[in-house]
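Working through the structure, step by step
As a plain string of letters, each chain reads:
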Amino acid sequence: MELTHIEHIGIAVKDLRKAIDYYEKILGLSCYAIEEVKSQKVRTAFFRIGQTKIELLESTDPEGPVGKFIEKKGEGIHHIAFAVRNIEQALEEAAGKGVHLIDQQPRKGAEGLDIAFLHPRSTFGVLTEFCENKTDKK
Ligand code: ZN
């Protein structure tokens, strides 16, 4: 597989508005998108820093994945997302090498990216996301 860069870091927060204020007013970044991802029961806010993004995640449902994460672990880094050249091939290769996949097939995530998660029990405790921006490619 070929990873090109860290696409984003996902950070679970309790209050999106307050967290956005911190990133904007203290760190001086600017939020360029807020998007609800209904399938994941989250509202997301995005900031660019170089070619990497920060993705803030606020749960819209205590039973959703981010709601449960905050309940168990509190706020903090939720996942790391790597940009890959070919997501289907990367998943197949990871699975072939014994990595437990959360998503067997890519699905649509925020910003129209194709995404899939690897299970933290196979990744030294880090929920890992692969992303491919197929709209970038001709
Ligand atoms: Zn993500």
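Here's what I pulled together on the structure shown here. The structure displayed is predicted, hence computed values, not measured ones.

A look at the nonpolar core
Counting residues in each nonpolar core, the largest one holds eleven residues, listed as Ile11, Val13, Leu16, Ala19, Ile20, Tyr23, Leu29, Ala45, Phe47, Ile54 and Leu56. Mapped onto this core, the elements with two or more residues apiece are strand S1 (3–13), helix H1 (16–26), strand S3 (42–49) and strand S4 (52–59). When near neighbours in sequence (up to four residues on either side) are disregarded, isoleucine 54 contacts Ile9, Ile11, Tyr23, Ala45, Phe46, Phe47 and Ile49.

Notes on the sheet that holds strand S6 (residues 107–108)
An order of S2-S3-S4-S1-S5-S8-S7-S6 is seen for the eight strands of this open sheet, with the pairing classed as mixed. Two strands bound the open sheet, and with one partner strand each, they are strand S2 (31–37) and S6. The sheet contact formed by S3 and S4 spans eight bridges and is antiparallel. The partner of threonine 44 across the bridge, within S4, is leucine 57. Across the sheet, helix H3 (residues 87–96) lies against strand S5 (76–84), strand S7 (114–118) and strand S8 (128–132), angled at about 150° from S8, the strand it touches most.

Describing the pairing of S7
Counting buried residues along S7, five of its five residues qualify, which places the element largely inside the surrounding structure. Judged by which residues are buried, S7 turns out to be covered on both faces: Asp114, Ala116 and Leu118 on one side and Ile115 and Phe117 on the other are all buried. Hairpin remark: S6 followed by S7, antiparallel, with five residues in the connecting loop; positive phi at glutamate 111, about 65°. One ladder, built from five bridges, connects S7 with S8; its direction is antiparallel. Across the sheet, residue phenylalanine 117 finds its bridge partner in S8, namely glutamate 129.

Thoughts on the pattern of salt bridges
Considering all chains together, one arrives at eleven salt bridges under this definition. Salt-bridge contacts for lysine 53 lead to glutamate 7; the nearest nitrogen and oxygen are separated by 2.7 Å. In this pair, lysine 53 is assigned in strand S4 and glutamate 7 in strand S1, connecting sequence segments 46 residues apart. No difference in accessibility class separates lysine 53 from glutamate 7, as the two residues are buried. Each of Glu7, Lys53 and Glu111 takes part in salt bridges that share partners, so that together they form one network.

Examining the coordination of the zinc ion
Reference geometry at the metal: tetrahedral coordination by four donors gives ideal angles of 109.5 degrees; octahedral coordination by six donors gives 90 or 180 degrees. The zinc ion binds to the protein through His8 (NE2), Glu55 (OE), His79 (NE2) and Glu129 (OE); the donor distances cover 2.0 to 2.5 Å. Metal-centred angles of 80 to 172° between the four donor atoms at the zinc ion mark the site as irregular. Counting along the primary sequence, the residues that act as donors to the zinc ion give the motif H-x46-E-x23-H-x49-E. Within this pair, whereas histidine 8 is found in strand S1, its partner glutamate 129 is found in strand S8, the two being separated by 121 residues in sequence. Accessibility expressed as a relative area gives 3% for histidine 8, which makes it buried. Exposure remark for glutamate 129: the relative accessible area of 4% places this residue in the buried category.

Criteria and thresholds
- Residues numbered from 1 in each chain as written.
- Predicted model: local features only at pLDDT ≥ 70, side-chain atom pairs only at ≥ 80, totals over all residues.
- Heavy atoms only, no water.
- Core = buried A, V, L, I, M, F, W, Y, C linked by side-chain atoms within 4.5 Å.
- Buried < 20%, exposed > 50% of the residue type's maximum accessible area, 1.4 Å probe, protein only.
- Helix = DSSP H or I, 4+ residues; strand = E, 2+ residues; numbered from the N terminus.
- Contact = heavy atoms within 4.5 Å.
- Pairing = 2+ DSSP bridges.
- Axes fitted to C-alpha atoms, helices over the stretch in contact; angles between N-to-C directions.
- Salt bridge = Lys/Arg side-chain N within 4 Å of Asp/Glu carboxyl O.
- Donors = N, O, S within 2.8 Å, 3.2 Å for Na, K, Ca; no water.
- Tetrahedral: all angles 85-135°; square planar, octahedral: opposite > 155°, others 65-115°.

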